[in-house]
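Remarks on the overall topology
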Amino acid sequence: SLASEYSARGVSLSDGSPAPQLSLSYDAPAGWYAGVFAAPRLVLAGRDGVTKMVAYGGYARRLPSGLSWETGASNTSFSHLSAYNYREVFLGLASDRLSGRVYFAPAYYGYRGRTAYLELTGFHPLSERIKLIARAGILHGLTRPAANARDRVDMRVAVSYDAGRFN
């Protein structure tokens, strides 16, 4: 895919420019899933040409109530910037239109100290093919020195158009 800009948790990683991305994932019928993601030609810590690579896996299950929960882990690495590499575990809960996840990491994008990131995402259908999507997240340091940093909040509002097999 080609994103008009690639940002992660409120930080632009493409310096406001379009960014190519590659993603491959598998969802097993029993609830297990795994995947990889790559975004080349990024800008991080003043360095151009960085590639972000993410490997992830987890397990998701629908409850009789209609809610679903998931848990998983990911490993994120950056070419030529190993100080920014991080690992996370996450827990999530979702309904038909609202989902939330909390992530825990021993270090995050060069932060020293444990961090937690909470994200909430929801959508509202405007018509049969158009949805309004909103997302908010907050990064919080749990142990020092990350706990001394200010919390970082990011928000996004988007419109999605469903064009058959694409949106």
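To start, this report covers the structure provided alongside it. (Residues numbered from 1 in each chain as written. Predicted model: local features only at pLDDT ≥ 70, side-chain atom pairs only at ≥ 80, totals over all residues. Heavy atoms only, no water.)

1. Quick look at unusual backbone geometry
Note: most residues except glycine have negative phi, and most peptide bonds are trans. Heads up, the condition is: A helix here means a DSSP run of H or I that spans at least four residues, while a strand means a run of E at least two residues long, and both kinds are numbered starting from the N terminus.
In this model, Arg 144 is joined to Pro 145 through a cis peptide bond whose omega is 0°. Positive phi is not limited to glycine here, since Asp 15 has a value of about 55°. Of note, Asp 15 is situated in the loop between β3 (11-12) and β4 (19-20). In this structure, Arg 41 is a non-glycine residue whose phi angle is positive, near 60°. Inspection of the secondary structure assignment puts Arg 41 in strand β6 (residues 32-44).

2. Things to note about the sheet that holds β6
Quick note on the threshold: One requirement defines pairing of two strands: DSSP has to find at least two bridges between them. With axes taken as lines fitted to C-alpha atoms, and helix axes fitted only over the stretch in contact, angles between N-to-C directions fall between 0 and 180 degrees.
Strand order in the open sheet formed by nine strands is β5-β6-β7-β8-β9-β10-β11-β12-β13, with antiparallel pairing between adjacent strands. Of all the strands in the sheet, the pair left with one neighbour each is β5 (22-27) and β13 (152-161). Shown here is a sheet whose adjacent strand axes are inclined to one another by a mean of 15°, direction ignored. Bridge analysis of strand β12 (residues 130-141) against β13 gives ten bridges, and the strand direction is antiparallel. Pairing of Gly 137 across the sheet is with Asp 154, part of β13.

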